[in-house]
Amino acid sequence: MSVTKAQRDNYQQLVKKHRPARTIVKNTIRAFIVGGLICEIGQVIQTLFIRYGHFKPTEAGNPTVAVLIFFSAVLTACGVYDRFAQWAGAGSAVPVTGFANTITSAAMEHRSEGWIAGVGGNMFKIAGPVIVFGVVSAFFVALIRYIVTHL
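A short tour of the structure in this document, coming up. (Residues numbered from 1 in each chain as written. Predicted model: local features only at pLDDT ≥ 70, side-chain atom pairs only at ≥ 80, totals over all residues. Heavy atoms only, no water.)

Section: unusual backbone geometry
Here is step 1 of the chain: Located in the positive-phi region is His54, a residue other than glycine, with phi close to 60°.
Here is step 2 of the chain: Position of His54 among the secondary structure elements: in the loop between α2 (24–52) and α3 (61–77).
Here is step 3 of the chain: The class of His54 is exposed, set by a relative accessible area of 67%. (Helix = DSSP H or I, 4+ residues; strand = E, 2+ residues; numbered from the N terminus. Buried < 20%, exposed > 50% of the residue type's maximum accessible area, 1.4 Å probe, protein only.)

Digging into helix α1 (residues 5–18)
Here is step 1 of the chain: Counted at 1.5 Å a residue, the expected span for α1 with its 14 residues is 20 Å, and the 20 Å between its end C-alpha atoms agrees.
Here is step 2 of the chain: In terms of burial, α1 is largely open, as just zero of its 14 residues are buried. (Expected span 1.5 Å × (residues − 1).)

Remarks on the packing of aromatic side chains
Here is step 1 of the chain: The full count for this structure, using the stated rule, is four aromatic pairs.
Here is step 2 of the chain: When the ring of Phe49 is compared with that of Phe55, the centres are 5.3 Å apart and the planes differ by 80°; the resulting orientation is edge-to-face.
Here is step 3 of the chain: By relative accessible area, which is 22% here, Phe49 ends up partly exposed.
Here is step 4 of the chain: The exposure class assigned to Phe55 is partly exposed, which follows from its relative accessible area of 30%.
Here is step 5 of the chain: Residues Tyr81 and Phe84 carry aromatic rings whose centres are separated by 5.7 Å and whose planes lie at 70° to one another, so their mutual orientation is edge-to-face. Here the residue Tyr81 and the residue Phe84 both occupy positions in helix α4 (residues 80–88), the gap between them amounting to three residues, near one helical turn.
Here is step 6 of the chain: You can call Tyr81 buried: its relative accessible area is 5%. (Phe/Tyr/Trp six-rings, centres within 6.5 Å; stacked < 30°, edge-to-face > 60°.)

In short, the description is geometric, and any link to function would need to be established separately.
See below:
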């Protein structure tokens, strides 16, 4: 059975009529605020490491990231982070917490396949491309910086 152009157009109009309106501005503002709040929480944690852990400002970044990753993984395991991310949108996905959520979710989803093939293998299926992209991006940024500063 062939579909006529009029039927396709009719269908497209019906789809357009029932499609929910996109709230781009609202979602963008929410993502900006949530991403900023996550970064602010990170800044507070870093300040606590500096003040009470006697870390130097240049040394406090790594444990701060570790704490953010830990809390994100725990909230993902409890089922809280996914609901939060659904509401927050891209603001929860951009910081390191979103990456930790993705890795933890992959590990939880495939734990029935075993520790090596399931948890480990599927975590690295997700993490691998991100790490490669990060390393390649860092290389090109460093190369551009070198060229700009030495010309």
